Amino acid sequence: MGSARGAGSRLLGFLSDAVARGATEALRALNLGALAGRPIEEIFLGLADYVCPDGGSIDEGIAREAFIETITDLAGAGITDLDGLTADQMQTVFELYATNAIEARLCNDIGAKTITLPPDSREAARVQAQLNDFIRRGVADALTTARAAAAALTPDRVLQFVGRIYEQAFGILQIMGDAEAEGA
């Protein structure tokens, strides 16, 4: 998850800057000032190369796919205006991204036959929906645990914070998976 962690770090750094100084200043700092005032989906598409630099590895592709999926999830999460972004919305955007990155990694493992799905397409879709919910809860729990630290983030601490979130989320997912496996 190296590329996804780096992308998550850049995303969280940008979002923190947007909350602290405003979207226009945060965009100007990245030489993307022309995106100020545009719809949030356009802004995030413009941020794609900053958050997820284009590369050729599978890991980089997973990070980019997760970011694009996050863009499509913004409206459903009620996040439509970067100028009025709150700390809670910032957490939601990061939660969406982290969930999508973890799910994309697992889907890659399914494609590589490391994990298998049921052969029935409806059953596989049900498993995927459950997996997304399972991951989202794990990421949300990890973020809730680390929320106090998020308020004191500096750009230098963002990468360490993102790494801890992924580790905590995977740890929570493992505990939840073990509990569900014991109950099955």
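Here the structure is a predicted model, which is why all the values come from computation and not from measurement. (Residues numbered from 1 in each chain as written. Predicted model: local features only at pLDDT ≥ 70, side-chain atom pairs only at ≥ 80, totals over all residues. Heavy atoms only, no water.)

Engineer: What exactly am I supposed to notice about the overall build of the protein chain here?
Structural biologist: The helix and strand inventory of the protein chain stands at seven helices and zero strands. Along the chain direction, N to C, the helices and strands of the protein chain fall in the order α-α-α-α-α-α-α. For the protein chain, with 184 residues in total, the buried portion stands at 39%. With the model as given, the accessible surface of the protein chain reaches about 9500 Å², and the carbon-plus-sulfur share is 53%. (Helix = DSSP H or I, 4+ residues; strand = E, 2+ residues; numbered from the N terminus. Buried < 20%, exposed > 50% of the residue type's maximum accessible area, 1.4 Å probe, protein only. Areas by Shrake-Rupley, 256 points an atom, 1.4 Å probe, with all protein chains shown as cover.)

Engineer: I tried to follow the packing of helix H3 (residues 40-51) against helix H4 (residues 58-73) on my own but got confused; where do I start?
Structural biologist: Packing of H3 against H4 leaves a shortest axis separation of 10 Å and a crossing angle of 170°. Between H3 and H4, the interaxial angle falls into the category roughly antiparallel. Of the residues in H4, those in contact with Glu41, Phe44, Leu45, Leu47, Ala48, Asp49 and Val51 of H3 are Arg64, Phe67, Ile68 and Ile71. Among the residues making up the contact of H3 with H4, the classes are represented as eight nonpolar, no polar and three charged. (Axes fitted to C-alpha atoms, helices over the stretch in contact; angles between N-to-C directions. Parallel < 35°, antiparallel > 145°, perpendicular 65-115°, else oblique. Contact = heavy atoms within 4.5 Å. Nonpolar A, V, L, I, M, F, W, Y, C, P; charged D, E, K, R; others polar.)

Engineer: Can you help me understand H4 in this one?
Structural biologist: One full turn of an α-helix is made of 3.6 residues, so residues set three or four places apart face in the same direction. Between its terminal C-alpha atoms H4 stretches 22 Å, which fits the 22 Å expected from 16 residues at 1.5 Å a residue. For H4, the complete set of buried residues consists of Asp59, Ile62, Ala63, Ala66, Phe67, Thr70 and Ile71. (Expected span 1.5 Å × (residues − 1).)

Engineer: Sorry, what's going on with the packing of helix H1 (residues 2-21) against H4 here?
Structural biologist: Each pair of packed helices gets described by two things: the angle between the helix axes and the distance between those axes. Interaxial distance between H1 and H4 falls to 7 Å at its minimum, and their mutual angle equals 40°. The pairing of H1 with H4 is recorded here as oblique in orientation. The two elements H1 and H4 cross, and the hand of that crossing is right-handed. Contacts between H1 and H4 pair Gly2, Ser3, Ala4, Ala7 and Leu11 from the former with Asp59, Glu60, Ala63 and Phe67 from the latter. Taken together, the residues that form the contact of H1 with H4 break down as five nonpolar, two polar and two charged. (Left-handed = near helix turned anticlockwise from the far one by under 90°.)

Engineer: Got a minute to help me understand the pattern of salt bridges in this structure?
Structural biologist: Working definition: two side chains of opposite charge can pair if their charged atoms are close together. Evaluated as defined, the whole model comprises four salt bridges. For Glu42, the salt bridge is made with Arg38, and the minimal N-O distance between the two is 2.9 Å. When its relative accessible area of 34% is taken as the criterion, Glu42 is described as partly exposed. On the basis of relative accessibility, which here comes to 40%, the residue Arg38 falls in the partly exposed class. (Salt bridge = Lys/Arg side-chain N within 4 Å of Asp/Glu carboxyl O.)

Engineer: Could you clarify how one ought to interpret the nonpolar core in this entry?
Structural biologist: With 37 residues, the main nonpolar core has Leu11, Leu15, Phe44, Leu47, Phe67, Leu82 and Tyr97 as its most contacted residues. Elements with a minimum of two residues in this core: H1, helix H2 (23-29), H3, H4, helix H5 (87-111) and helix H6 (121-150). Take this core: its biggest share by element is eight residues, from H5. (Core = buried A, V, L, I, M, F, W, Y, C linked by side-chain atoms within 4.5 Å.)

Engineer: Please explain the packing of aromatic side chains as it appears in this structure.
Structural biologist: Think of a pair of aromatic rings as described by two things: how far the centres are apart, and how the planes are tilted against each other in angle. Taken as a whole and assessed by the stated rule, the structure comprises one aromatic pair. An angle of 15° between the planes, with centres 5.8 Å apart, marks the rings of Phe44 and Phe67 as stacked. Taken together, the residues Phe44 in helix H3 and Phe67 in helix H4 connect sequence positions 23 residues apart. Looking at Phe44, the relative accessible area reads 0%, which means it is buried. What makes Phe67 buried here is its relative accessible area of 1%. (Phe/Tyr/Trp six-rings, centres within 6.5 Å; stacked < 30°, edge-to-face > 60°.)

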